[in-house]
Amino acid sequence: MVIALQSVDNRHQDLVITPSPTGLSLQGRVQIPGDKSISHRALMLGAIAQGTTTVKGLLLGEDPRSTASCFQAMGAKISALNDQDVTIEGVGLGKLQEPQDVLNAGNSGTTLRLMLGVLASHANRFFVVTGDDSLRSRPMSRVIQPLTQMGATIWGRQAHTLAPLGIQGQELQGIHYHSPIASAQVKSCLLLAGLSAQGETTVTEPAISRDHSERMLKAFGADITTDPETRTVTVKGQAAQLQGQTVIVPGDISSAAFWLVAAAITPGSELVVENVGMNPTRTGVLEALARMGADITPENERVVTGEPVADLRVKASSLQGCEIAGDLIPRLIDEVPILAVAATFAQGTTVIKDATELRVKESDRLAVMATELNRMGAKISEFPDGLEITGETPLQGAEVDSYTDHRVAMSLAIAALNATTPTTIHRAEAAAISYPDFITTLDSLPH
Ligand code: S3P
């Protein structure tokens, strides 16, 4: 296997992957970067807590950098993000300063949506938030609408649904919101707004989404209760100051997923992916891969600052198609692109359903994965809420595009490892959003 990164202009890079003519097998141990969701939350809670928060193992990707720069612009003191160990001097609840300029969330939906809850509840301050081309086209009404019910004042493009957004902070009132979508971003936005609102703020979701906010808010001292049976969480407003904590960020299972699939589909491979966050609201990808017949064993299971963690040993095996649908979807929402790759190497049909949310991610991930993998010889049909993938199809190299979506770029790179001829992935620099070392790790894996 030969990997070459070529600059196209000062923004974009092509990744050219030439598979090994004799076939390759991946061996060894892989370290993955810190969890993106937990990194965002540690930076945000650290910024609005009293005192010092120490974060160990922070993801140094572009998305958490966007969160850090927004909160720095509002007075939080955050040490330089050139080390995974970061300290934050928080300003205290409700004490962020009005920034002097527009806050830019870059490519990060989590930054923008979670931050909106914090900003909307800062009375007498005005904020303008924006993001890159992708983020400015992603729906914001899912958070603006319930925040408005709480008393928030938010303006935006296209009838107040798209960024840039203007926010006039207000005293908010707690509500009970029955969310129509299982979205951790919606839930977390409202919980953060609820911290400073009058009374209680309750969110009920149709299926369980990731619960990192609930765990971390509890650890920082918020008055928060959860009822998993009814998928309901309640935070008491104006109840307690948040207190700075030490957060040890586990490795991101969404980043681990690329190596799990790479080893599962590449004959003769055996990898150990170290320090993988195993929060049950995130492990849907392991359940889907188990259904497909993947050989993955957790080792060294432990709990690190409230989050379960394990090393995952994965061995190549022959995969079968399966159905991925229903309540499993929110638990593997970011892994659908790489599962689509796994499915092209599985015998029989894989059906992915109930996944319309994929259409409003960093790209329309259903359309993009179907189009780009089909260019390589896959057999994928697209439906409004999912994909049908018929395997096993041998892949050939092709010219493909990430659409500036980090998970698409990395999924296509794993597909390219097992293609018969070289693949060029345009705009591959997108991988740095969540995994700055992805290409170096790929290149350095013993094979
Ligand atoms: C995230 C929630 C998910 C996920 C995103 C990160 C979070 O988004 O896709 O990558 O950190 O809360 P939704 O809440 O829109 O499903």
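In this text the structure is predicted, and so the values were computed from the model without any measurement. (Residues numbered from 1 in each chain as written. Predicted model: local features only at pLDDT ≥ 70, side-chain atom pairs only at ≥ 80, totals over all residues. Heavy atoms only, no water.)

## Overview of the sheet that holds strand 18 (residues 307-315)
No. 1: Taken in spatial order, the 4 strands make up an open sheet running 3-16-18-17, and their pairing is mixed. Looking at which strands have only one partner, the edges of the open sheet turn out to be strand 3 (27-31) and strand 17 (295-304). Each neighbouring strand pair of the sheet contributes to a mean axis angle of 15 degrees, computed without reference to strand direction.
No. 2: In terms of strand pairing, strand 3 meets strand 16 (residues 270-277) through 5 bridges, oriented parallel. Its bridge partner being in strand 16, Arg 29 is matched across the sheet by Val 272. (Pairing = 2+ DSSP bridges. Helix = DSSP H or I, 4+ residues; strand = E, 2+ residues; numbered from the N terminus. Axes fitted to C-alpha atoms, helices over the stretch in contact; angles between N-to-C directions.)

## Some thoughts on the packing of helix 8 (residues 253-265) against helix 10 (residues 336-344)
No. 1: It is the contact of helix 8 with helix 10, at a shortest axis distance of 10 Å, that shows an interaxial angle of 0 degrees. With respect to helix 10, the axis of helix 8 lies roughly parallel. Where helix 8 approaches helix 10, its residues Ala 257, Phe 258, Val 261 and Ile 265 are matched on the opposing element by Ile 338, Val 341 and Ala 342.
No. 2: A breakdown of the residues in the contact of helix 8 with helix 10 according to their chemical character gives 7 nonpolar, no polar and no charged. (Parallel < 35°, antiparallel > 145°, perpendicular 65-115°, else oblique. Contact = heavy atoms within 4.5 Å. Nonpolar A, V, L, I, M, F, W, Y, C, P; charged D, E, K, R; others polar.)

## What to know about the nonpolar core
No. 1: Judged by nonpolar contacts, the single largest core of 81 residues is most densely connected at Trp 259, Leu 373, Ile 414 and Phe 438.
No. 2: Ranked by size, the runner-up nonpolar core spans 65 residues in total, among them Ala 49, Val 118, Val 235 and Leu 242. (Core = buried A, V, L, I, M, F, W, Y, C linked by side-chain atoms within 4.5 Å. Buried < 20%, exposed > 50% of the residue type's maximum accessible area, 1.4 Å probe, protein only.)

## Focus on unusual backbone geometry
No. 1: Each neighbour pair has its own omega, and for Ala 163 with Pro 164 the value is 0 degrees, a cis peptide bond.
No. 2: Assignment of secondary structure puts Pro 164 in strand 10 (residues 162-168).
No. 3: Gly 391 connects to Glu 392 through a cis peptide bond whose omega is -5 degrees.
No. 4: Looking at where Glu 392 falls in the secondary structure, it is placed in the loop between strand 22 (386-391) and strand 23 (399-401).

## Re the layout of surface pockets
No. 1: Considering only enclosed or pocket space, the largest pocket measures out at about 520 Å³ in volume.
No. 2: In this structure, the largest pocket is lined by 34 residues; those nearest its centre are Ala 182, Ser 183, Ile 333, Glu 357 and Lys 361.
No. 3: Mapped onto the lining of the largest pocket, the elements with two or more residues apiece are helix 1 (36-48), helix 3 (109-120), helix 6 (184-194) and helix 12 (406-417).
No. 4: Looking at the lining of the largest pocket residue by residue, the classes come out as 10 nonpolar, 9 polar and 15 charged.
No. 5: Looking at the lining of the largest pocket, you find at least three residues from each of domain 1 (2-34 + 250-444) and domain 2 (36-248).
No. 6: In this structure, the second largest pocket is lined by 15 residues; those nearest its centre are Arg 11, His 12, Asn 107, Asp 132 and Thr 404.
No. 7: Class assignment for the residues of the lining of the second largest pocket results in 2 nonpolar, 6 polar and 7 charged. (1 Å grid on protein atoms, 1.4 Å probe; cavity = no way out; pocket = protein on both sides within 12 Å on 5 of 7 lines; lining within 4 Å. Points joined across faces, edges and corners; volume = space filled by probe spheres on them. Domains from an automatic or database assignment.)

## Here's the deal with the sheet that holds strand 1 (residues 2-7)
No. 1: Read from one edge to the other, the open sheet built from 4 strands follows the order 1-2-24-23, with strand pairing classed as mixed. One side of each edge strand has no neighbouring strand; the edge strands of this open sheet are strand 1 and strand 23. Strand-to-strand, the axes of this sheet are offset by a mean angle of 20 degrees, without reference to chain direction.
No. 2: Bridge analysis of strand 23 against strand 24 (residues 423-426) gives 3 bridges, and the strand direction is parallel. Across the sheet, residue Asp 401 finds its bridge partner in strand 24, namely His 426.

## Looking at helix 3
No. 1: With 12 residues, helix 3 should reach 16 Å at 1.5 Å per residue; the first-to-last C-alpha distance of 16 Å fits that figure.
No. 2: Those residues of helix 3 that fall on the buried side of the exposure criterion are Gly 109, Thr 110, Thr 111, Leu 112, Arg 113, Leu 114, Met 115, Leu 116, Gly 117, Val 118, Leu 119 and Ala 120. (Expected span 1.5 Å × (residues − 1).)

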